[in-house]
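# Examination of the molecular architecture
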Amino acid sequence: MPNSIIRVQPKIGQPQLLNSETIPWQLVKDTITSSETEKTVAIKKQGISYSSHGIESEKSIPVAVPGTILNAVLRDKDWLKTNILNQEQLVKEGKTVHTDFFDPFFDTNQQFIPDIFDKGIEFYTYWYYAEFSLKNVASNQRFWLNFRGLNYTADVFVNGVQKGTHLQGMFLRNSFDITDCPSKDGVYRVAVRIEPPSTPGKPTLANNGGVLSVPNIGECVTMRHTVGWDWTISIPDRSTGIWDQVSLTTTKTLVIKHPKVTTKIKGTTAIVTIQTQVYNPTNEQQTGFISYELDGKTHQKSVTVGAGKTLQIDFPPLDIINARLWWPHGTDPINPENKPELYELNIYASTTKEMNAASLSDQHTINIGMREFSNELVKVAVPNDTTGEKTRNSRQFLVNGLPVMIRGGNWMGMDTLFRNNATRYKNEVRMHKEMNLNLIRVWGGGHIERPEFYEACDELGIMVMQEFWFSSEFIYEDSEIPENYKTTCTQCAIDTIQMLRNHTSLLFWCAANESKPPTSLLTELESYIGEKEEALYDTTRLLVHNSLDINGNGYPGTDGPYGILELNNYFKWLPDGYTNSFNPEIGSLGIPTVESIQRMIRAENLTSVPEEYAVFKKTGKNHPIVNESWKQLKYSQYMIDHNVPKPSDQIYTYGTPKDIEAYCERAQLVNHLHYKELWEGYLLHMKEWYTGLIIWKSQGCWTGVRAKLYDWFLEQNGGFWGVKTACEPIHVQLNLENYPTATSYDVHVVNQTTHEYKNLNLHWEIYDVKGSIASKTVPVKTEDGTNTVCKTSTTKIATLTIKDLLTSLDPDLYFVILKLVNGQKTMSRNFYWLSKSGDYLPLDAYSTASLTYTAKGQKTTQGNYTLQTTFKNNNDQLSFWNRLQVRKPIKSSEDIRVLPVFYEKNYFSLSSQEQLSIGIEFQHDQKEGIPELWIREWNQKWVQIPINWGK
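Residues numbered from 1 in each chain as written. Predicted model: local features only at pLDDT ≥ 70, side-chain atom pairs only at ≥ 80, totals over all residues. Heavy atoms only, no water.

For clarity, the threshold we go by: UniProt positions are given in the numbering used here, feature names are shortened, and annotations may be inferred rather than shown by experiment.
In the nomenclature of an unreviewed UniProt entry, the protein is known as Mannosylglycoprotein endo-beta-mannosidase of Dokdonia pacifica. Its UniProt record gives the protein a comment under Sequence similarities (unreviewed entry), which states: "Belongs to the glycosyl hydrolase 2 family."

Shown next, in the form of structure tokens:
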């Protein structure tokens, strides 16, 4: 039990977080062994005791809130000593359980942690305990204890009173009025018993979501992927615990509940509709006023609410003239660089008409954007279809009436141990913005994302596709669904909609991942959500039945492929049904930088690298030779084995890597090239064939190496920079449909803005390994003769004929630089390394050390740093694949890198005499000294760049 009691003071409209950063939380093992019929009585007896008298400190351990039970016990030496499996084997392998944290995401550690399927749910059933007191309590104040996420079954006690009984559903918020809970000494004692999902499922490598028979984790409304997936390990406790915020709020006699705000756009006017509920928690009738303030405008209504009753309040629509519209990142028609606009809406409940500190009863603040989402089914072409189909439907999303090509990433959550915070949310969402993506799909096998995630998306202009918790094969037939599952499911669905519907960034809902929920549950969701006035909770958004039918064709679609293809295939109508006009999942590369791999795998397991794949099994599946550490991290070989005469490990097309550093460096080349060409191929045919593409995956909730564009430590890999380049608003690119045998390439401009451009020039340069072999600047010429790059279009502007140049190449590697120039301004720059054979072996020995550089640094408030750098290539050869890294000055640190760092560019290449400026932003703890900037030119050693620090 804590030695001192923390005093807290929530204010109206300002919740007081009760996370472990505010008050200490303790964890104690549940010891109830009663039969099921006696269990409820035993839980109540134990809960009353803990919440009345506290817990014995010698039997408890600290626990982070938010955070899972597993996160706590893996930090307790006694628990590790008692429970870690096969400790003799660990010792033989030179490992130890004597650690501050037995990280389940590191190497093969997870294999030694007892799994709930083997141990039973009692093994990970615990009590959370905390205590606090209140400052300056007024006589008419009421206090509410709020839990935003409990996984899975919870019983809540406060000061000897059971406030919540057998609460179920990971995605259900729970709020308790604790005003009248007795406390003789002024201390509030909170005890919460958390029991894992009753059907935790059996992990298996063969199936996503574990063994797909009953009992299965899908019988509970929780995250399915915690039992394991092809991209993630199983989580031994299935992420059990208080996984989201705990807070204390205060009100008086009128309480605002479930505000609902919608916006529609008519010309330059935004029409805002505001609704809310007002609740009277007292046992007497209450009168008062409900009002709002938005953009300097106010409206007030008088209310009378019966004891214990809730009243619906509908304000008349508000017109905001010349509204500052909210646009997704990069789509503002005035200026694509404009930041998304948000307005602050305040809704008040007061006991008197004149509102003041004494009469204010409750307040909610909501940041809203003035925007209107819509969608329509459009016809897209189906070239070379074997069925004879010439066109098909695809769904086109529009923002404020303008069509937007969806460029998205699949989101798995940040951490299955739920060590989440708002800063990391904002950093991860910013990663997507920096890649020039405009949507995040919150995948249905994971969890419903939190308000902090949506706040970051609102602010940074990233739209969201939010899925519910159904994924792949659902285990119940419609007639077999238990009533308690239906009840929990509908409660969680309603609460989820009410929690998220006011977020400007939420584009549409999806009922399930790759499958339809049972008819009765889907019908229920359709009554809650829809672009119709009769929808009960969200009247402005689309509900898609499943992720494979975003295109509106009635569930005929496919997703994938999840391997990599020959570069030319990305520019074609993909073979064997992989082409979906709105593809929710494609891609699978993700090996990170060597510095990150070294934080994932023990050094002794990195002495060799995954071998080149040489032999096919009869199944046609590739099974590369890797050690257990790589298997544990869900390693997937960089193998092209589809529609090719000979399989090819793409990392080995750059030569045989001599060590793990060389292996990871070459992986970044493959990441960059394939993700860039994937996007260039899709965007070349935007509107013609496609209306949307979502990368599988853009990030992950653990350290695994499959399918990511930045790693769990928040360092970007090569794929990040490939996506960023290809998805820029104005982009010049080659059409690689006939690569590598082509002797000429069409050059196109992909314009995703609402502006048209004239009087443009194309500058191109070609290098071999010795230096420049050709360059030219030509006016842009379009096939229609207007020489205009139209808005939201792809336009052929030139043909680059290289037949004669390729004839003389020795070796056959060459570099291409394209620049789209408007006057003195370079609007787009694109860089390729290509070869006549499709192999890149000459890069293994290629090396230049030719850069000169400058760096100026500025430290702003709260540890924010900016660097302005310049680089120049002084060599006749092309300077290839230069990598920047911001480092801590403390060399004894576990990781020398400062992370995350937001570079304008990285892994950059420069032609002879070319100059480049790069801005860099990051946060750094001043206690660790002055940060450093380092650079590594291709096949060279790291060199420190001196920084001139300003004052």
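## Notes on unusual backbone geometry
Heads up, the condition is: Where helices and strands are cited, they refer to DSSP runs of H or I of at least four residues and of E of at least two residues respectively, numbered from the N terminus. Burial classes: relative accessible area under 20% of the type maximum marks a residue as buried, over 50% as exposed, and values in between as partly exposed (1.4 Å probe, protein chains only).
Of the consecutive residues Trp-696 and Lys-697, the connecting peptide bond is found in the cis state with omega at -15 degrees. Residue placement: Lys-697 occurs in the loop between strand S34 (692-695) and helix H13 (718-726). Cis geometry is found at the peptide bond from Asp-810 to Pro-811, where omega equals 0 degrees. As for its position among the elements, Pro-811 is in the loop between helix H14 (803-807) and strand S40 (813-822). Even without being glycine, Asp-107 reaches a positive phi, approximately 50 degrees. Examined against the element boundaries, Asp-107 turns out to sit in the loop between helix H4 (87-92) and helix H5 (116-119). Accessibility expressed as a relative area gives 1% for Asp-107, which makes it buried. Even without being a glycine, Gln-913 presents a positive backbone phi close to 70 degrees. When you line up the elements, Gln-913 lands in the loop between strand S46 (908-910) and strand S47 (915-923).

## Thoughts on the sheet that holds strand S35 (residues 730-734)
Inclusion rule: In this scheme, strands are said to pair when DSSP sees at least two bridges between them. The axes are straight lines fitted to the C-alpha atoms, using for helices just the contacting stretch, and the angles between their N-to-C directions are given from 0 to 180°. Whether two residues are in contact is decided by their heavy atoms: any pair within 4.5 Å suffices.
Judged by pairing direction, the sheet is antiparallel, and its three strands sit side by side in the order S35-S36-S39 without closing on themselves. Edge positions in the sheet fall to S35 and strand S39 (793-801), since each has one partner strand and no second. Averaged over all pairs of adjacent strands, the angle between strand axes in this sheet comes to 20 degrees, irrespective of strand direction. Relative to strand S36 (residues 744-751), S35 runs antiparallel, the two sharing five bridges. Counterpart to Gln-733 in the pairing with S36 is His-748. Helix H12 (residues 660-684) rests against S35, S36 and S39 of the sheet, and its axis sits at about 105 degrees to S35.

## Focus on the environment of Arg-395
Selection criterion: Any pair of nitrogen or oxygen atoms within 3.5 Å is treated as a polar contact; in protein, a donor-acceptor pairing is required on top of that, and neighbouring residues in sequence qualify only through side-chain atoms on both sides.
Secondary-structure assignment places Arg-395 in strand S24 (residues 391-399). The exposure class of Arg-395 is buried, given its relative accessible area of 11%. Each C-alpha atom of the pair Arg-395 and Asn-513 lies 17 Å from the other, and the pair is 118 residues apart in sequence. The residues touching Arg-395, leaving out its near neighbours within four places in the chain, are Asn-375, Glu-376, Leu-377, Leu-542, Asp-549, Ile-550, Asn-551, Gly-552, Phe-582 and Thr-691. Only 2.8 Å separates the side chain of Arg-395 from the side chain of Asn-375, close enough to count as a polar contact. There is a polar contact of 2.7 Å between the side chain of Arg-395 and the backbone oxygen of Ile-550.

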